[in-house]
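Here is how the chains run, residue by residue.
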Amino acid sequence: MKNLAIFDLDNTLINTDSDHSWPQYLIKKGLVDVAETEAQNEKFYRDYQNGCLDIDAFLKFHLAPLARYSKEELAEFHREFMAEFITPHISPMQRMLVQSHQMAGDETLVISSTNEFIITPICHLFGITNIIGTQLETGVDGRYTGNYIGTPSLKEGKITRLNQWLAERGETLESYGKTYFYSDSKNDLPLLRLVNEPVAVNPDAELEQEAKAKGWPILNFK
């Protein structure tokens, strides 16, 4: 029976937060108001770390710039963003972790609360094509509208989106022998408690405490 290896992305497979880094890239590029974007970005990042993120307010802030540009322009921005803000923060051990599951024949999947536009090219760096991120609405003109659709993949939303993905494949978690989930954040405790092979990676204090109490493996890639 095949195993399923699920990975969070930010601060798990990469030693940075792509959701937090993207506005920093936009600021450096001169595409957004510096003072307002810096203040909002830091506030939402603190809220996420504290487990009290207002996902609707965050996504309204975070997705608005995407609506101002064509997907071709955004793709070019993303290539610059990856080279400067993402690739330098991937360690050989993180690549090897994914490769070990792939070489074992396991199904690999990323579930991130970060939106699909940001995470998809990053996941492809690891050879992962099963990708669940917050879904973006596209208008009739083919551009992002600045809105999201469906359930954001945050906290319990990751379980909702995982079950939808499995159902589309005619599967359940029971279709797999072992189900791994690698994450750094207390926000992911609902899914970590659901799988049979939870692993804490670069854990925050609350996740580290639970991992130690329950005997979960703890990895540190920083």
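Residues numbered from 1 in each chain as written. Predicted model: local features only at pLDDT ≥ 70, side-chain atom pairs only at ≥ 80, totals over all residues. Heavy atoms only, no water.

Inclusion rule: UniProt positions are given in the numbering used here, feature names are shortened, and annotations may be inferred rather than shown by experiment.
Under an unreviewed UniProt entry, the chain has the name Histidinol-phosphatase and belongs to Neisseria macacae ATCC 33926. UniProt annotates the chain under Pathway (unreviewed entry) with the comment "Amino-acid biosynthesis; L-histidine biosynthesis; L-histidine from 5-phospho-alpha-D-ribose 1-diphosphate: step 8/9." According to its UniProt record, the chain has this under Function (unreviewed entry): "Catalyzes the dephosphorylation of histidinol-phosphate to histidinol, the direct precursor of histidine."

**Looking at helix α7 (residues 156-168)**
Quick reminder of the rule: In this description a helix means any DSSP run of H or I spanning at least four residues, a strand means any run of E spanning at least two, and both kinds are numbered starting from the N terminus. Take the residue count of a helix, subtract one, and multiply by 1.5 Å to get its expected span. Relative accessible area decides the class of each residue, using a 1.4 Å probe on protein chains only: under 20% of the type maximum gives buried, over 50% gives exposed, and in between gives partly exposed.
The terminal C-alpha atoms of α7, which comprises 13 residues, lie 19 Å apart, in line with the 18 Å expected from a rise of 1.5 Å per residue. Of all the residues in α7, the buried ones are Gly157, Lys158, Ile159, Arg161, Leu162, Trp165 and Leu166. Glycine 170 sits one or two residues past α7 and shows a positive phi near 70°.

**With respect to the side chain of threonine 179**
Relative to the assigned elements, threonine 179 resides in strand β5 (residues 179-183). Take threonine 179: its relative accessible area is 4%, and that puts it in the buried class.

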